[in-house]
Amino acid sequence: MKKPPTQDKTDIMSRRTKQTYDYGQKNLCVLLDLDQVLADFEGHFITKFREKFPDDRFVQLDERKGFYIKDQYEKLDRNLGDKVRAVYIEKGFFLDLPEIKGAIPAAREMAAMDGVDVFICSSPLTEYQNCLSEKFEWVEKHLGPEWLDRIIIAKDKTVINGHILIDDRPYINGSCKSPAWKHIVFTAHHNRHVEGRQRLDNWTDGTWRDIIEDFKKRI
Ligand SMILES: Cc1cn([C@H]2C[C@H](O)[C@@H](COP(=O)(O)O)O2)c(=O)[nH]c1=O
Ligand SMILES: [Mg+2]
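What counts, and where the lines are drawn
Residues numbered from 1 in each chain as written. Chains lettered and ligands numbered in written order. Predicted model: local features only at pLDDT ≥ 70, side-chain atom pairs only at ≥ 80, totals over all residues. Heavy atoms only, no water. Donors = N, O, S within 2.8 Å, 3.2 Å for Na, K, Ca; no water. Helix = DSSP H or I, 4+ residues; strand = E, 2+ residues; numbered from the N terminus. Buried < 20%, exposed > 50% of the residue type's maximum accessible area, 1.4 Å probe, protein only. Near = heavy atom within 4 Å. Polar contact = N/O pair within 3.5 Å; in protein donor to acceptor, adjacent residues only side chain to side chain. 1 Å grid on protein atoms, 1.4 Å probe; cavity = no way out; pocket = protein on both sides within 12 Å on 5 of 7 lines; lining within 4 Å. Sits in = over half its atoms within 2 Å of the grid points. Arc of directions from axis to C-beta. Contact = heavy atoms within 4.5 Å. Core = buried A, V, L, I, M, F, W, Y, C linked by side-chain atoms within 4.5 Å.

1. Notes on the coordination of the magnesium ion (ligand 2)
Surrounding the magnesium ion (ligand 2) are the protein donor atoms Asp 33 (OD), Asp 35 (O) and Asp 168 (OD), which sit 2.0 to 2.1 Å from the metal. We note that the donor set of the magnesium ion (ligand 2) lies within a single chain, spaced as D-x1-D-x132-D. A residue pair is termed long-range when its members are at least 10 positions apart, and Asp 33 in the loop between strand 1 (28-32) and helix 2 (41-52) and Asp 168 in the loop between strand 4 (164-167) and strand 5 (182-186) qualify at 135 residues. Across the pair, exposure class does not vary: Asp 33 and Asp 168 are buried alike.

Rendered as structure tokens:
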């Protein structure tokens, strides 16, 4: 465990987070996914897909099943895969994602809680050219520049340290078979068929506070 700083309060790391030092107390480290937890990827996708390809078939949100939109559209028509991809690799797609209702005030309140550190943990598209910088821009625009230091970009979230990961992707696999975090599934249309998981259904009914308080007692 890191030793407490001697006197230098300008140390960059101590400004970034309520840093955990070895004072005998620990902060709860919460990892928040971005797409479909803070930002409405699926809703925005349908809007843009229908604008761009008005004559094509599409999947209503309440018929979504499975994480990858592309896979489900390809089952409808195998030519739709490239069109799906064209929608979310387009410049501006990630920047223009609307907020998930209540997510921004909840993230701010969570980050201000005593004994809690919050990070945004997001996977980029392999076609990163627009997506990567726009994720940073989105966070700056919706949460503010001070959150830029809290962004973790990782293709493989299993290697990231933290106590909780709130993420809509129901199965998060990677090279670490026993990730440090407990996965709380953030409910989305595509994952509502998945059973037997601890969930957070929304940011608006206040249940997120109970989850955080519960985990604070456990660390
Ligand atoms: C639904 C869906 C998502 N993606 C991409 C979009 C994002 O870059 C990541 C999701 O990242 P997260 O950190 O797990 O939220 O996956 C995609 O390529 N195709 C899809 O259908
Ligand atoms: Mg997600």
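2. Thoughts on unusual backbone geometry
The backbone of Gln 36 shows a phi angle near 75°, a positive value even though the residue is not glycine. Structurally, Gln 36 is set in the loop between strand 1 and helix 2.

3. What to know about the site of ligand 1
Taken together, 15 residues lie near ligand 1, and Asp 33, Asp 35, Ile 69, Ser 123 and Lys 157 sit nearest. Asp 35 is positioned with one of its backbone polar atoms (N or O) 3.3 Å from an oxygen atom of ligand 1. A distance of 2.8 Å separates an oxygen atom of ligand 1 from a polar atom in the backbone of Ser 123. The site holding ligand 1 turns out to be the largest pocket. Of all the elements in the fold, those that place two or more residues in the shell around ligand 1 are helix 2 and helix 3 (69-76).

4. A short note on helix 4 (residues 80-89)
Every buried residue belonging to helix 4 is among Leu 80, Gly 81, Val 84, Val 87 and Tyr 88, and all of these are buried. Angular distribution of buried residues about the axis of helix 4 spans 125°; they occupy a single face of the element. Elements in contact with the buried residues of helix 4: helix 2 and helix 3.

5. Some points on the nonpolar core
The biggest cluster of nonpolar side chains holds 50 residues, and the ones touching the most others in it are Leu 38, Phe 45, Met 110, Ile 166 and Trp 203. Top contributing element to this core by residue count: helix 5 (residues 103-112), with 6 residues. When neighbours within four sequence positions are excluded, Phe 45 is seen to be in contact with Ile 69, Tyr 73, Val 84, Val 87, Tyr 88 and Phe 93. Phe 119, Cys 121, Ile 160 and Ile 172 belong to the second largest nonpolar core, which has 9 residues in total.

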